[in-house]
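Listed below, chain by chain, are the residues.
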Amino acid sequence: MTNTPLISIIVPVYNTESYLRNTIDSVLRQEYKNWELILVDDGSTDGSGRICDEYSERDSRIRVLHKSNSGVSDTRNKGLEIAKGEWVFFLDSDDELFPNSLSKMLEWSKGVDMVVCVFLMNITDPQRKFQVKDNKPKKLIDKTVNAKRFVNSLINRDFSIAPTVFPKLYKTNIIRHNNLHFASDIYYAEDQLFLAQYVCCKETKSIHINNKIPVYQYNIWPGNATSKMKATFNNRLFTDFVGFNRIYETYHRAFNDRRIDNWAKLCAYTSGRHIQELIEKSDNASTEQKAYVKENLSRLSGGDKDNYVVNRYEGERNLMAMKHKAGSLLRADRIVFVNQWLHSKLVCYEGLNDRWRKLYILSHVLGRFGVGLVIDRIRFDA
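Caption draft 1: Local environment of the side chain of S206. Looking at where S206 falls in the secondary structure, it is placed in the loop between α7 (190-199) and β11 (207-210). With sequence-adjacent residues up to four places away left out, S206 is seen in contact with G111, V112, D113, M114, T144 and V145.

As structure tokens, this is what we get:
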């Protein structure tokens, strides 16, 4: 046991008493035993704190820290401060690990600076009946790459690599040497910013990616942080745009690569446009917030309407609208509608994925010869 690396599992806890036991039990069931579980109670007002203490009394590997409420970023930072492990893993207090999760990640960690895996998503309906969403990758990967190749794997959605802080192993010494922490002024996208900063460290030279075996069960329950995101403007939601701007700047400074820049810009621009739409429907935004959104949207788009980022954003929105409309049509009407849409001004080539680009090209080539493209059984989730 002394020759095996210690893994510090950091769990920010806030009012999740209904799910917390499942989370902790999933760690206790690990085949790999050399871990410490750091439960940081962020001022919970339900029974979560008592559950943490109960488990720490039963197992010396479980450490508990109680603090006043200050948000998930500061809570994770407190866990980082006291972590003793060679590796750090972040686990949310309503999610779970599989019994072989730690052993598999350690198997892939030899000689690398980071391990990147995939999760299985579980969604519950209001009656708490599980529905398992099949998020199986279209392309499989099990290899070690450099930081730039990893970022490109984020861009390639076929690999199903999430730009979230989980499920990934981080080296504690890289985090501390570069004074990395979660931005406490960011309430959304704070984990994606942390990931970007870690990946862009000079010491992060090799990253192992495995999307063949899920190691994390990502639960979406009624009332958890994911399901609470509302389509109304508020100061916390505004920080989503601030966070994505910082993510773009982080990747740009590290790589200055056109493809990565376009992707990071598009993520930030999409967030900014969403915030802009919410501001237009609200009286709560300050003059400074409105100016920030206007200035940074212009910066991201280059102030040019005929810009890749703008075209890609508009194209993806139009594609989603087309899928929604076509999905409600009968077969014959659908074929006509999709053909007409492919030849309309609403189509932006940059906004199409590979499958729709092939349909777009084929439709226009056949159109030159007066031949219509018959499209049936379209997968509208493509």
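Caption draft 2: Structural view of the side chain of K168. Within the fold, K168 resides in strand β10 (residues 168-171). The side chain of K168 sits in the buried core without any salt bridge; D191 is the nearest counter-charge, 7.7 Å away. Among the polar contacts made by the side chain of K168, one reaches the main-chain carbonyl oxygen of A162 at a distance of 2.9 Å. Of the polar contacts made by the side chain of K168, one reaches the backbone oxygen of T164; its length is 2.8 Å. K168 has contacts with V88, F89, M114, V115, V116, F150, A162 and L195, leaving out every residue within four places of it along the chain.

Caption draft 3: Structural context of the sheet that holds β10. Taken in spatial order, the eight strands make up an open sheet running β3-β2-β1-β4-β10-β6-β11-β9, and their pairing is mixed. If you trace the sheet from one side to the other, it starts and ends with β3 (62-67) and β9 (142-145), each paired once. With direction set aside, neighbouring strand axes in the sheet form an average angle of 20°. Here β9 pairs with β11 via four bridges, running antiparallel.

Caption draft 4: Spotlight on the environment of N284. Of note, N284 is situated in the loop between α9 (258-280) and α10 (287-301). Taking the C-alpha atoms as reference points, N284 and T232, separated by 52 residues in sequence, lie 9.9 Å from one another. Leaving out residues up to four positions away in the same chain, N284 has contacts with F233 and Q289.

Caption draft 5: Structural view of the pattern of salt bridges. According to the stated counting rule, one finds 15 salt bridges in the structure shown. For the salt bridge of D185 with R246, the shortest nitrogen-to-oxygen distance reads 2.7 Å. Of this pair, D185 sits in the loop between α6 (172-177) and α7 while R246 sits in helix α8 (residues 235-255), and the two are 61 residues apart along the sequence. A salt bridge links R273 to E314, with the shortest nitrogen-to-oxygen separation between them at 3.2 Å. Here E314 lies in helix α11 (residues 308-327) and R273 lies in helix α9, a separation of 41 residues in the sequence. Under the relative-accessibility criterion, R273 is labelled buried at 16%.

How each quantity is defined
- Residues numbered from 1 in each chain as written.
- Predicted model: local features only at pLDDT ≥ 70, side-chain atom pairs only at ≥ 80, totals over all residues.
- Heavy atoms only, no water.
- Helix = DSSP H or I, 4+ residues; strand = E, 2+ residues; numbered from the N terminus.
- Contact = heavy atoms within 4.5 Å.
- Buried < 20%, exposed > 50% of the residue type's maximum accessible area, 1.4 Å probe, protein only.
- Lys, Arg positive; Asp, Glu negative; His and termini not counted.
- Salt bridge = Lys/Arg side-chain N within 4 Å of Asp/Glu carboxyl O.
- Polar contact = N/O pair within 3.5 Å; in protein donor to acceptor, adjacent residues only side chain to side chain.
- Pairing = 2+ DSSP bridges.
- Axes fitted to C-alpha atoms, helices over the stretch in contact; angles between N-to-C directions.

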